[in-house]
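# Fold and contact review
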Amino acid sequence: MSLFSKENGAIFTGPLNLNNPIAVQVLGICSALAVTSQLKPAIVMGLSVTVITAFSNVIISLIRKTIPNRIRIIVQLVVVAALVTIVSNILKAYVYDVSVQLSVYVGLIITNCILMGRLEAFAMQNGPWESFLDGIGNGLGYAAVLVVVGFVRELLGFGTIFGLTIIPEGAYMEAGGLYINNGMMTMPAMALILVACVIWVHRAVNKEENK
Amino acid sequence: MKPTFTEGGKLSAFGSLFDAMETFFYVPNETAKVRGAQIHDAIDSKRSIFFVIIALIPAILFGMWNIGYQHSLAVGCQDATIWCNFLYGLAVILPKIVVSYAVGLGIEIAVAQWKKEEVHEGFFVTGMLIPLIVPVNCPLWIIALATAFSVIFAKEVFGGTGMNIFNPALVTRAFLFFAYPSMMSGDKVWVNANYMDSINGTIDGYSAATPLGQLAAGEAVTAAPMDTIIGTIPGSIGETSFVAIMIGACILIWAGIASWKIILSTFVGGAVMAYFLRYGDAETLNFPWWEQLTVGGFAFGAVFMATDPVTAPRTEAGKWIFGLLIGAMAIIIRVLNPGYPEGMMLAILLMNVFAPLIDYCFVQSNINKRAKRAAIK
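Computed from a predicted structure; not experimentally measured.

## Remarks on the overall build of chain A
The helix and strand tally for chain A stands at ten helices and two strands. Counting from the amino terminus, helix and strand elements in chain A follow one another as α-α-α-α-α-α-α-α-β-β-α-α. With 211 residues in all, chain A has 45% of them scored as buried. Looking at chain A alone, contacts between residues at least 24 apart form 74% of all its contacts between residues at least 6 apart.

The structure is reproduced here in structure tokens:
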């Protein structure tokens, strides 16, 4: 099978849309609520999950035939934990402020349902290249939802995008305008409602496919 | 005239609107079936909603006058007449009512048309409650946003009127409270903003803090206990007057709309908790324990919010538990949580969650009791 065959393309694009880990499988919600109050940590989190899912998929797929079936979850966890530690240290070294904002949620990628789900459901049965594509696809599908939610929350909650002020100063009530930032957007509760909206739109658009 | 509006008719796009108007003005044809056990009868909710609106009238009228009265106090205008104060309040509150109805009913009619269902009339009450539970300075666009949020996410996603878990008016207030805290609490929001621009300016030493706000800040209450009963204190538009709310409560109980059990048990729960849980020295704070029941939104919440038949328990014994816990919880939040001077909203929303559980427990225990009785025979 060639590297970029149709089947492999479907493995990659499936999780981006019709099999999206958040919008369709509703996995990995906890971190999606916790890290999306601003756009930058949301993007960093999405990329971290993408990298970890892709490489843990590859590693597990390479050693899948030698893993004893009874202890496979432990082996998977060790691989994921090692990768999470590497990513966490890289973040601390190069984007320290974002890693502080993400706090424990980078470490908690170990328990992310998307990761365990892909390892169990895909990497244990498929070759390394397919697993790699599947990991990238799922990670990016997760990241896409995070970016949408992070964008809305930062814009309406803080009036900024990437820390740059978008809403003009004069519009605020302190300056005599009418506008106030929505404090609810900075809370995780609103992130849940926004994720619900994403799922709603997604289902409305893909009505035929779901039937 | 009707065929024009039914499916395929010329004006079918306005079918929901027509249907709403038709049942609003005429009595619908359905009545409760005589057979079978039914928890509630088929009285059209427009009839009960009509009485709730009537019961709200004293609170609305008093709220209008109080807006003007507080404004006159703030600008130091002693000789303002009752009518002057009243008209001033009317001018302030009317846009809020219009916005709340326009947004809420607009969404409801759109959804009904889209799903090809009847328009439900529950919003007539919600739309009137929303302006009454916000501070007078709340900007209109914020009210519109919060109303839209609550109608969509607290009501329509659950299936519309009668299906909601939470009281939509309270969800509106909760959204405002968490999203725009600077608009919902503090000293600046309770008296109309225009006094800032008026020629006189505010008089020295004028404070527009609510009694609960003063208590949360550890200060003595300036309002006399009698003022909190009559209602001449700053506060959300409809909540200040204990007397006006009690007139409403009498109308509701007389008409059989609201459960007197819920109202009474909420007050009992609140009174018991207030007696044991105090802010501190009653003398220095000028705050006797019973005043907990007359300040803030306690009375308004107990009479108009907790009794919402959709979100309260249906079992009679459950209503007692529901009310007692609301009253107690509201006082606990007020006294023990320094972040929230007022606890009524959160207490009712919390108990809304537990209402189905309370019902389940009582229905189940009743079933068990009867099963045992049947087994003995």
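Now that the structure has been shown, the text picks up again.
## Points about the nonpolar core
All names here are of chain B. Among the nonpolar cores identified, the biggest contains 125 residues, and Leu56, Phe300, Phe304 and Phe322 are the most heavily contacted of them. The leading source of residues in this core is helix α2 (residues 45–75), at ten residues. Residues within four places of Phe322 in sequence aside, it is in contact with Ile262, Ala306, Thr311, Ala312, Pro313, Met351, Asn352, Ala355 and Ile358. Ranked by size, the runner-up nonpolar core spans eight residues in total, among them Ile233, Leu285, Phe287 and Val295.

## What to know about the interface of chain B and chain A
Each side of the interface is counted separately: chain B has 13 residues, and chain A has 13 residues. Of the roughly 1,000 Å² buried where chain B meets chain A, counting both sides, 81% is carbon and sulfur surface. Broken down residue by residue, the surface that chain B buries against chain A is led by Trp141, Phe153 and Phe178 of chain B, which jointly contribute 40%. Scanning the region where chain B abuts chain A turns up zero salt bridges. When residues of the side of chain B that touches chain A are traced back to their parent elements, those giving at least two are α5 (140–155), α6 (168–179) and α7 (181–184) of chain B. Per element, the largest residue contribution to the side of chain B that touches chain A is six residues, and it comes from α5 of chain B. Of the residues contributing to the side of chain B that touches chain A, the split by class is twelve nonpolar, one polar and no charged.

## Quick look at the pattern of salt bridges
Applying the stated criterion across every chain yields a total of six salt bridges over all chains. Here Arg72 of chain A and Glu120 of chain A are joined by a salt bridge, their closest N and O atoms 2.9 Å apart. Taken together, the residues Arg72 of chain A in helix α4 (residues 72–94) and Glu120 of chain A in helix α7 (residues 113–123) connect sequence positions 48 residues apart. Here Arg72 of chain A falls in the partly exposed class, since its relative accessible area comes to 23%. One salt bridge in this structure joins Glu316 of chain B and Lys319 of chain B, with 3.3 Å as the shortest N-O distance. Of this pair, Glu316 of chain B and Lys319 of chain B both sit in helix α14 (residues 316–336), three residues apart, which is roughly one turn of that helix. With relative accessibility at 13%, the residue Lys319 of chain B sits in the buried group. Taken together, the shared-partner salt bridges connect Lys261, Glu316 and Lys319 of chain B into one network.

## A short note on the packing of aromatic side chains
Each aromatic ring pair is summarised here by two numbers: the centre-to-centre distance and the angle between the ring planes. Per the counting criterion, the structure on display carries 22 aromatic pairs over all chains. Aromatic side chains Tyr101 of chain B and Phe124 of chain B sit 6.1 Å apart centroid to centroid with 55° between the ring planes, which places their arrangement in the tilted category. Pair noted here: Tyr101 of chain B is in helix α3 (residues 82–115) and Phe124 of chain B is in helix α4 (residues 123–132), with a separation of 23 residues, a long-range link. Tyr101 of chain B sits in the buried class, given a relative accessible area of 17%. The structure contains a cluster of three or more aromatic residues connected by ring pairs, namely Phe55, Trp129 and Phe132 of chain A.

## Details of the confidence of the model for chain B
All names here are of chain B. Taken residue by residue, chain B gives an average pLDDT of 79. The fraction at 70 or more is 79%. Model confidence for chain B, summarised as mean pLDDT per element, is weakest for helix α1 (residues 15–25) at 58 and strongest for helix α11 (residues 260–276) at 91. Contacts for the low-pLDDT stretch residues 36–42, under 50 throughout, to residues beyond four places or in other chains number eight contacts. Counting interchain partners and residues more than four positions distant, the pLDDT-below-50 stretch residues 195–201 has ten contacts.

## Considerations on the side chain of Ser99 of chain A
In this structure, Ser99 of chain A sits in helix α5 (residues 96–102). In contact with Ser99 of chain A, not counting residues within four places along its chain, are Leu91 and Lys92 of chain A.

## Quick look at unusual backbone geometry
Residue and element names in this part refer to chain A. Of note, Val26 is a non-glycine position whose phi angle comes to about 55°, a positive value. By the secondary structure assignment, Val26 is in the loop between α1 (6–13) and α2 (29–34). Look at Ser103: it is not a glycine, yet its phi comes out positive at around 40°.

## Some words on the environment of Gly269 of chain B
Topologically, Gly269 of chain B is positioned in helix α11. Considered as a pair, Gly269 of chain B and Leu324 of chain B are 55 residues apart in the sequence and their alpha carbons are 4.2 Å apart.

## A closer look at the side chain of Ser100 of chain B
Following the sequence through the fold, Ser100 of chain B ends up in helix α3. If sequence neighbours within four positions are ignored, Ser100 of chain B has contacts with Phe123, Gly127, Ile130, Pro131 and Thr147 of chain B.

## Things to note about the environment of Leu27 of chain A
Looking at where Leu27 of chain A falls in the secondary structure, it is placed in the loop between α1 and α2. Leu27 of chain A sits in the partly exposed class, given a relative accessible area of 24%.

## Quick notes on α5 of chain B
In this model α5 of chain B runs 21 Å from its N-terminal to its C-terminal C-alpha over 16 residues, within 8% of the 22 Å that 1.5 Å per residue would give. Buried residues in α5 of chain B make contact with α9 (188–205) of chain A together with α3, α4, α6 and α7 of chain B.

## Topic: the environment of Arg278 of chain B
Residues and elements named next belong to chain B. Along the chain, the position of Arg278 falls in the loop between α11 and α12 (282–285). Considered as a pair, Arg278 and Trp289 are eleven residues apart in the sequence and their alpha carbons are 6.9 Å apart. Filtering out sequence-adjacent residues up to four positions away, Arg278 remains in contact with Trp289 and Val335.

Rules used in this analysis
- Residues numbered from 1 in each chain as written.
- Chains lettered and ligands numbered in written order.
- Predicted model: local features only at pLDDT ≥ 70, side-chain atom pairs only at ≥ 80, totals over all residues.
- Heavy atoms only, no water.
- Helix = DSSP H or I, 4+ residues; strand = E, 2+ residues; numbered from the N terminus.
- Buried < 20%, exposed > 50% of the residue type's maximum accessible area, 1.4 Å probe, protein only.
- Contact = heavy atoms within 4.5 Å.
- Core = buried A, V, L, I, M, F, W, Y, C linked by side-chain atoms within 4.5 Å.
- Buried area = accessible area lost by both parts, 1.4 Å probe.
- Salt bridge = Lys/Arg side-chain N within 4 Å of Asp/Glu carboxyl O.
- Nonpolar A, V, L, I, M, F, W, Y, C, P; charged D, E, K, R; others polar.
- Phe/Tyr/Trp six-rings, centres within 6.5 Å; stacked < 30°, edge-to-face > 60°.
- pLDDT = per-residue confidence, 0-100.
- Expected span 1.5 Å × (residues − 1).

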